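# Residue-level structure breakdown
The chain contents come next:
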Amino acid sequence: MKPLDETYAAARERWQALEASGIPVFFVGTATCGRAAGAGETLDRLRAEVRARNLEALVVETGCLGPCSLEPLVVVHKPNAPRICFGKVGPREAVHILERHVLGDDPCAELALGAIGAESVDGVGAFADHPMLRGQVRRVLRNCGVIDPENLDHYLARDGYRGFLRAVDIGPDAIVEAVKQAGVRGRGGAGFPTWRKWDLCRRTPADQRYLICNADEGDPGAFMDRSLIEGDPHAVLEGMLIAALALGASRGFIYCRAEYPLAIARLGVAIGQARTLGLLGDNILGSGFSFDVSIKRGAGAFVCGEETALIASIEGRRPMPQPRPPFPAVSGLWGKPTIIQNVETLANLPLILHYGADWYAELGTEHSKGTKTFSLAGKVHRTGLIEVPMGITLRQIVEDIGGGGADGKAIKAVQTGGPSGGCIPAAQLDLPADYESLVAAGSIMGSGGLIVLDEETCVVDLARYFMTFTQDESCGKCPPCRVGTRAMLYLLERIVAGDSTSDDLRRLEDLAQTVNRGSLCGLGQTAPNPVLTTLRYFPDEYRDHVEKKQCAAFVCRPLIRHHIDMERCPGCTACVKTCPAEAITGVRGEPHVINEALCSQCGSCLSVCPPTYAAVYRVSGEVTRYEERKSKAGAAGVSAQRAAAEG
Amino acid sequence: MNGTETHVSTHQVLTSPADGSGSGRMSQEHLIPTLQEIQERHGYLPEDALRALAAATGVSENEIYGLASFYAHFRFQPPAEHTIHVCQGTACHVRGGHQILHDFEERLSIKAGQMTSDHKFGLERVACVGCCALAPVVLVDGKVRANMKPKLVRGLLSKLGHAVSATDT
């Protein structure tokens, strides 16, 4: 085999030159979430400042470090000083850091999240001790936010493709054995042991086998695969190479959703680089193994996450699932044995091959090995992309890493597994995050979407939300799913509209069982899960909707009435001006009144009524809710306290 | 519009060697990528382009329409001048994404999936754009606007040239 020693040596040299750079380096996180938060403007400003001031400095783009709520993130390397990670760096903050920290000697502690690889510097603690990072073990995400994803040298210098080289050395049988020893299970949701799927495929005689990387991250509320591809695309390619070698597959496809243009672009760059280096193509590095990859862009259909539907989509047909068996591992793409693996599963393989199965299996539980990435979002204080050892508790994830409920509100439940998963109530937060425990609680691990719900989330509305989604995405092939999800949605819509009867809850549960048992594919079989878990854990909330026409979370509009408290309203006209239905009347200085007949209960008045008055209140069933009235000084005091706690 | 040009391009795509199937003739595998290419060029799938594609592939127009209409991304009418996609992902939903959608609907006097009569604004739902940590988000002409709030809807629209008084009544 053609050795890559010289390539590695050159890559390491260039990487080390950057690591120990004699000139300042700005690493700007420009993954999709960073850009959404304004990283593009920060990047432009930094480049312009460096040019305008004639500075000798580098500006490097990286992927996502994880703490998305603190984006844009910029890591600053100043020669002979520890690197510091700064959060919420807009263009103005970037200039501030440039002037005060890089050109001066103030580490800008007020903007710093932590020092990287150091205990502390001048009042800046270690980044690893930041509450969002403590408790995480970043293995799969080790390069995200650290390297330039479009620079192959960076990936190589950090032992990139060494797992694949090892795989070539030991050969297919030993690769499968290592994957079996490591105990890795599919990260796409179901958690099927990876080696067993491979084994079935390998035992099927064929002249051609295919490998597909499923990057059609369709679960609403999940963005692990996007971040991983955007931050470290070569890790996915290396995983594909290892899997293809084990399977004897010569062609691979990456099926990526079209909503992820940056991920697709970065994969394209990575594939080009791998081809140039001879890591993709014919007779790779002289090993006799040939493999190449092409990208297939999805076109917006959730059902394509299902294996047989995904295959149909690549073949250019309507993505309708097929009954199984035959399993794709036996007869898949164009009738050939085909293995479909999720992005994260593939990115685990280089680690197993390079560091060994024992090292890999050190983390996790008996049946759930390694780490799992989660996209932490919803009503949680710190949102972002995290990676934790399997088996740590949901409480550790949402309270320690996530910092508890957003705005200090109590957490009501945690939703895992997206539209196929369920809601786990706050009382069960000590549940370990592993495949078996989550299934036992009525949910699933899923691909890693983890949405936190608080008292202002109505679980009945959430169940309706998911049913709207699955009903819309049902492909229509089998009646239990096509008709059943529609009928379930109809019942849920009646409940949130206050038009339901007490019989509806029983009907809903019956239907849920039928849809679960009768549907052809996973989409329909799991579609009732959000309804079943909320019925199981929050029966009173359903009953309140049905019997009292009450939504205590004040979400279900038809069950809410907005009113203005005459005693509190000074007549500031803020609500009059903003009401889109023009339902509020009143002149300045006199209490305003909402005309019930015109009001759409949209809540605009509530959102603009100054907290010092808090004159708009809501009623639903037996519950009346006033917003907390804050004096001006009090409100400022609270935010100052929060800022201090953030420190 | 220029059906011939589309025809030439689809023809080129379709006569390149088929991947995987190994037959080397025009392959069904290229249908979706070709439809994506057509939509990128025209902003939608014009009827004459679909007809040209049917002729080039031997797949019936019916079947091509059946394929394209299955997917959420393909559209059969020209897009509006500005398209606003309101994310309906789970994180956006629990952080008020439905409220944002409702506000856009009220301000523009259209429902999701429709466009204003002057073709200036199109309003669409999107299942999830994967920016969940910055929810709720909307896409304005493809660019993500993070941490959206109901009270920002009006300003966003007027910045794009929406006459507030005309449709607010």
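Note that the coordinates shown come from a computational prediction; the quantities given were computed from them, not determined experimentally. (Residues numbered from 1 in each chain as written. Chains lettered and ligands numbered in written order. Predicted model: local features only at pLDDT ≥ 70, side-chain atom pairs only at ≥ 80, totals over all residues. Heavy atoms only, no water.)

## A few points about the overall build of chain A
If you tally the helices and strands in chain A, you get 25 helices and 21 strands. Structurally, chain A occupies a C-alpha span of about 85 × 70 × 40 Å along its principal axes. Per-residue burial for chain A yields a buried fraction of 59% across its 647 residues. Sequence-distant contacts, at least 24 apart, represent 69% of the contacts inside chain A between residues at least 6 apart. Approximately 24100 Å² of chain A is accessible, and the part contributed by carbon and sulfur atoms is 50%. For chain A, the distance from the average position of its 69 positive side-chain charges to the average position of its 76 negative side-chain charges is 3 Å. (Helix = DSSP H or I, 4+ residues; strand = E, 2+ residues; numbered from the N terminus. Buried < 20%, exposed > 50% of the residue type's maximum accessible area, 1.4 Å probe, protein only. Contact = heavy atoms within 4.5 Å. Areas by Shrake-Rupley, 256 points an atom, 1.4 Å probe, with all protein chains shown as cover. Lys, Arg positive; Asp, Glu negative; His and termini not counted. Charge placed at Lys NZ, Arg CZ, Asp CG, Glu CD.)

## Section: the overall build of chain B
Counting its secondary structure elements, chain B contains 8 helices and 4 strands. Mapped from its N terminus to its C terminus, chain B presents α and β elements in the order α-α-α-α-β-α-α-β-β-β-α-α. By residue count, 52% of the 169 residues in chain B fall in the buried class. Sequence-distant contacts, at least 24 apart, represent 59% of the contacts inside chain B between residues at least 6 apart. Roughly 7600 Å² of accessible area belongs to chain B as shown, and the carbon and sulfur atoms make up 51% of that amount.

## Some details on the interface of chain B and chain A
By a widespread convention, an interface's size corresponds to the accessible area lost as its parts come together. Counting residues at the interface gives 46 residues for chain B, matched by 66 residues for chain A. On the surface where chain B and chain A come into contact, there are 3 salt bridges. Of all the elements in the fold, those that place two or more residues in the side of chain B that touches chain A are α2 (31–42), α4 (61–70), α5 (90–94), α6 (97–108) and β4 (143–145) of chain B. A per-element tally of the side of chain B that touches chain A places α6(B) first, with 6 residues. (Salt bridge = Lys/Arg side-chain N within 4 Å of Asp/Glu carboxyl O.)

## Quick look at the packing of aromatic side chains
Residues and elements named next belong to chain A. Overall, the coordinates contain 13 aromatic pairs over all chains when judged by the stated rule. With centroids separated by 4.7 Å and ring planes inclined at 15°, the aromatic side chains of Y617 and Y626 adopt a geometry described as stacked. The exposure class assigned to Y617 is buried, which follows from its relative accessible area of 19%. Chaining the aromatic ring pairs together yields one cluster made of F164, F289 and F291. Here R139 stacks its cationic end above the ring of W359, 3.6 Å away from the centre of that ring. Seen from the ring of F374, K372 lies directly overhead, with NZ or CZ sitting 5.7 Å from the centre. (Phe/Tyr/Trp six-rings, centres within 6.5 Å; stacked < 30°, edge-to-face > 60°. Lys NZ or Arg CZ within 6 Å of the ring centre and 35° of its normal.)

## Thoughts on the confidence of the model for chain B
Residue and element names in this part refer to chain B. On average, residues of chain B score 83 in pLDDT, and 81% of them reach the 70 mark or higher. Averaged over each element, pLDDT in chain B is lowest for helix α1 (residues 3–15) (43) and highest for strand β1 (residues 82–87) (96). Ignoring residues within four places in sequence, the model shows residues 1–25, a span with pLDDT below 50, making 45 contacts including any to other chains. Between residues 165–169, whose pLDDT stays under 50, and residues either more than four places distant or in other chains, the model counts 9 contacts. Model confidence for the complex: the whole-complex pTM is 0.92, and ipTM, which rates the interface, is 0.88. (pLDDT = per-residue confidence, 0-100.)

## Quick word on helix α15 (residues 394–401) of chain A
Residues and elements named next belong to chain A. Of the positions making up α15, those classed as buried are L394, I397, V398 and I401. Considered in projection along α15, the buried side chains sweep an arc of 115° and stay on one side of the axis. The inward-facing, buried residues of α15 abut β12 (371–378), β13 (384–389), β14 (411–416), β15 (422–425), α16 (435–440) and β16 (449–454). The first or second residue beyond α15 is G403, which carries a positive phi of 75°. (Arc of directions from axis to C-beta.)

## Focus: the pairing of strand β4 (residues 83–86) of chain A
All names here are of chain A. On β4, burial covers both faces: R83 and C85 on one face and I84 and F86 on the other are all buried. In terms of strand pairing, strand β3 (residues 74–77) meets β4 through 3 bridges, oriented antiparallel. Across the sheet, the residue bridging to V74 is F86, located in β4. Count of turn residues in the β3/β4 antiparallel hairpin: 5 residues, of which N80 carries a positive phi of about 60°. Inspection of the sheet shows β4 paired to strand β5 (residues 112–116) by 4 bridges, in the antiparallel sense. Residue pairing in the sheet places C85 in a bridge with G114 of β5. (Pairing = 2+ DSSP bridges.)

## A short note on the pairing of strand β17 (residues 561–564) of chain A
Residues and elements named next belong to chain A. Across the two faces of β17 the burial differs, with H562 and I564 buried and R561 and H563 not buried at all. Pairing analysis gives 4 bridges linking β17 to strand β20 (residues 616–620), with the strands arranged antiparallel. Across the sheet, H563 pairs through a bridge with Y617, a residue of β20.

## Re the state of the cysteines
Residues and elements named next belong to chain A. Counting across every chain of the model gives 0 disulfides over all chains. Free of any disulfide, C551 has its nearest cysteine sulfur in C458, 3.8 Å distant. Residue C572 stays outside any disulfide, its sulfur separated by 6.2 Å from that of C575, the closest cysteine. (Disulfide = S-S within 2.5 Å.)

## Some points on the pattern of salt bridges
Residue and element names in this part refer to chain A. Inspection of the entire model under this criterion finds 48 salt bridges over all chains. Among the ionic pairs, R45 bridges to E49, the shortest N-O distance being 3.2 Å. With a gap of 4 residues between them, R45 and E49 both fall in helix α3 (residues 39–52), about one helical turn apart. Accessibility expressed as a relative area gives 35% for R45, which makes it partly exposed. Here E49 falls in the buried class, since its relative accessible area comes to 14%.

## Re the nonpolar core
Ranked by internal contacts, the top residues of the largest apolar core, which has 165 residues, are Y161(A), F164(A), W198(A), F291(A) and I397(A). For this core, the element with the most residues is helix α10 (residues 233–247) of chain A, which contributes 11 residues. For I397(A), the residues in contact, after removing those within four places along its chain, are F374(A), L376(A), I386(A), V388(A), I392(A), G402(A), A433(A) and L450(A). Residues F253(A), C304(A), A49(B) and F70(B) belong to the second largest nonpolar core, which totals 37 residues. (Core = buried A, V, L, I, M, F, W, Y, C linked by side-chain atoms within 4.5 Å.)

## Brief notes about the packing of helix α18 (residues 479–496) of chain A against helix α19 (residues 503–518) of chain A
Residues and elements named next belong to chain A. Where α18 meets α19, the closest approach of the two axes is 9 Å, and the angle between their N-to-C directions is 160°. Between α18 and α19, the angle is such that the two are roughly antiparallel. Both α18 and α19 take part in a crossing whose hand is left-handed. Contacts between α18 and α19 involve P480, G484, T485, A487, M488, L491, L492, R494 and I495 from the former and D504, L505, R507, L508, L511, A512, T514, V515 and G518 from the latter. Along the lines of polarity and charge, the residues of the contact of α18 with α19 split into 11 nonpolar, 4 polar and 3 charged. (Axes fitted to C-alpha atoms, helices over the stretch in contact; angles between N-to-C directions. Parallel < 35°, antiparallel > 145°, perpendicular 65-115°, else oblique. Left-handed = near helix turned anticlockwise from the far one by under 90°. Nonpolar A, V, L, I, M, F, W, Y, C, P; charged D, E, K, R; others polar.)

## Considering a nonpolar patch on the surface
All names here are of chain A. Where nonpolar side chains cluster on the molecular surface, the patch consists of L200, F327 and V330 and spans about 200 Å² of accessible area. Position of F327 relative to the elements: it lies in the loop between α12 (307–314) and β11 (338–342). Among the residues examined, F327 registers a relative accessible area of 38% and is labelled partly exposed. (Patch = residues over 30% accessible without salt bridge, like charges linked within 9 Å, V, L, I, M, F, W, Y side chains within 5 Å.)

## A short note on the side chain of S313(A)
Tracing the chain through its elements places S313(A) in helix α12. For S313(A), a relative accessible area of 6% corresponds to the buried category. Engagement of the side chain of S313(A) in a polar contact is seen with the side chain of Y71(B), the distance being 2.8 Å. (Polar contact = N/O pair within 3.5 Å; in protein donor to acceptor, adjacent residues only side chain to side chain.)

## Digging into the side chain of D565(A)
Residue and element names in this part refer to chain A. Along the chain, D565 falls in the loop between β17 and α23 (574–578). Despite its burial, D565 pairs with no opposite charge; the closest candidate is R568, at 4.3 Å N-O. A distance of 2.8 Å separates a polar side-chain atom of D565 from the backbone nitrogen of E567. If near-sequence neighbours (up to four positions away) are discounted, D565 is found in contact with A615, Y617 and Y626.

## A closer look at α19(A)
All names here are of chain A. In this model α19 runs 23 Å from its N-terminal to its C-terminal C-alpha over 16 residues, within 8% of the 22 Å that 1.5 Å per residue would give. When α19 is considered as a whole, its buried residues turn out to be D504, L505, L508, A512 and V515. For α19, the buried positions fall inside an angular range of 95° around the axis, keeping them on one side. Buried-residue contacts for α19 involve α18, α20 (522–526), α21 (529–537) and α22 (539–548). (Expected span 1.5 Å × (residues − 1).)

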